[in-house]
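Survey of secondary and tertiary structure
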Amino acid sequence: MRLKEFDYSSPGAYFVTVVSYKRANIFGTIKNNVVQLNQIGIIVEKAWLEIPMHYPFVKTDAFVIMPNHFHGILIIHDDVGARHASPLRRQKQQPLGVIVGSFKSAATKRI
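Residues numbered from 1 in each chain as written. Predicted model: local features only at pLDDT ≥ 70, side-chain atom pairs only at ≥ 80, totals over all residues. Heavy atoms only, no water.

To continue, consider the overall build of the chain. On a plain count of helices and strands, the chain comes out with three helices and five strands. By the burial criterion, 32% of the 111 residues in the chain qualify as buried. Restricting to contacts in the chain with at least 6 residues of sequence separation, those with at least 24 account for 57%. Accessible surface, the chain as shown: approximately 7600 Å² in total, 55% of it carbon and sulfur. (Helix = DSSP H or I, 4+ residues; strand = E, 2+ residues; numbered from the N terminus. Buried < 20%, exposed > 50% of the residue type's maximum accessible area, 1.4 Å probe, protein only. Contact = heavy atoms within 4.5 Å. Areas by Shrake-Rupley, 256 points an atom, 1.4 Å probe, with all protein chains shown as cover.)

Set out below in structure tokens:
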């Protein structure tokens, strides 16, 4: 759910949930009350941890991958400046959605 009037380009911590298609258990299983990630779950974990490499103004925080969904916290910082030859341009149009979409796309392509 998103708030209509909220600026998702604002710095802050955002709780993100991603659910698998039709809530299928594709990321792993639960054995003895512990999630055992399968190859797909491991790919999702790696894609999540790589987000800051693609978006230097974003930090990943706590996350958990369950058999059919994912929860994580993204922290968007306001310190966007020159990182390479030219300054980075934040996409002011809902960068949270852009970041999450990029994460989902990267994981899907690898899978």
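Right, let's get into the pairing of strand S2 (residues 28-31). Relative to strand S3 (residues 34-37), S2 runs antiparallel, the two sharing four bridges. Residue pairing for S3: Gly28 is matched across the bridge by Leu37. Here S2 folds back onto S3, and the loop between the two strands holds two residues, one of which, Asn32, carries a positive phi near 55°. (Pairing = 2+ DSSP bridges.)

Taken as a whole and judged by the stated rule, the model has three salt bridges. Glu50 is the salt-bridge partner of Arg110, the closest N and O atoms lying 2.5 Å from each other. Taken as a pair, Arg110 in helix H3 (residues 95-110) and Glu50 in the loop between helix H1 (39-49) and helix H2 (51-54) lie far apart in primary sequence, 60 residues in all. You can call Glu50 buried: its relative accessible area is 13%. (Salt bridge = Lys/Arg side-chain N within 4 Å of Asp/Glu carboxyl O.)

This part is about the packing of aromatic side chains. Taken as a whole, this structure holds nine aromatic pairs when the rule is applied. Here the aromatic rings of Phe63 and Phe70 are separated by 6.1 Å at their centres, their planes lie at 25°, and the arrangement is stacked. (Phe/Tyr/Trp six-rings, centres within 6.5 Å; stacked < 30°, edge-to-face > 60°.)

Take the sheet that holds strand S5 (residues 69-76) next. The three strands lie next to each other as S1-S5-S4, forming an open sheet whose pairing is antiparallel. Strands with a single pairing partner mark the edges of an open sheet, and in this sheet they are strand S1 (12-19) and strand S4 (58-65). In this sheet, adjacent strand axes meet at a mean angle of 20° when their direction is disregarded. Here S4 pairs with S5 via six bridges, running antiparallel. For Phe63, the partnering residue across the bridge sits in S5 and is Gly72. Against the sheet, H1 engages S4 and S5, with an angle of about 160° to S4. (Axes fitted to C-alpha atoms, helices over the stretch in contact; angles between N-to-C directions.)

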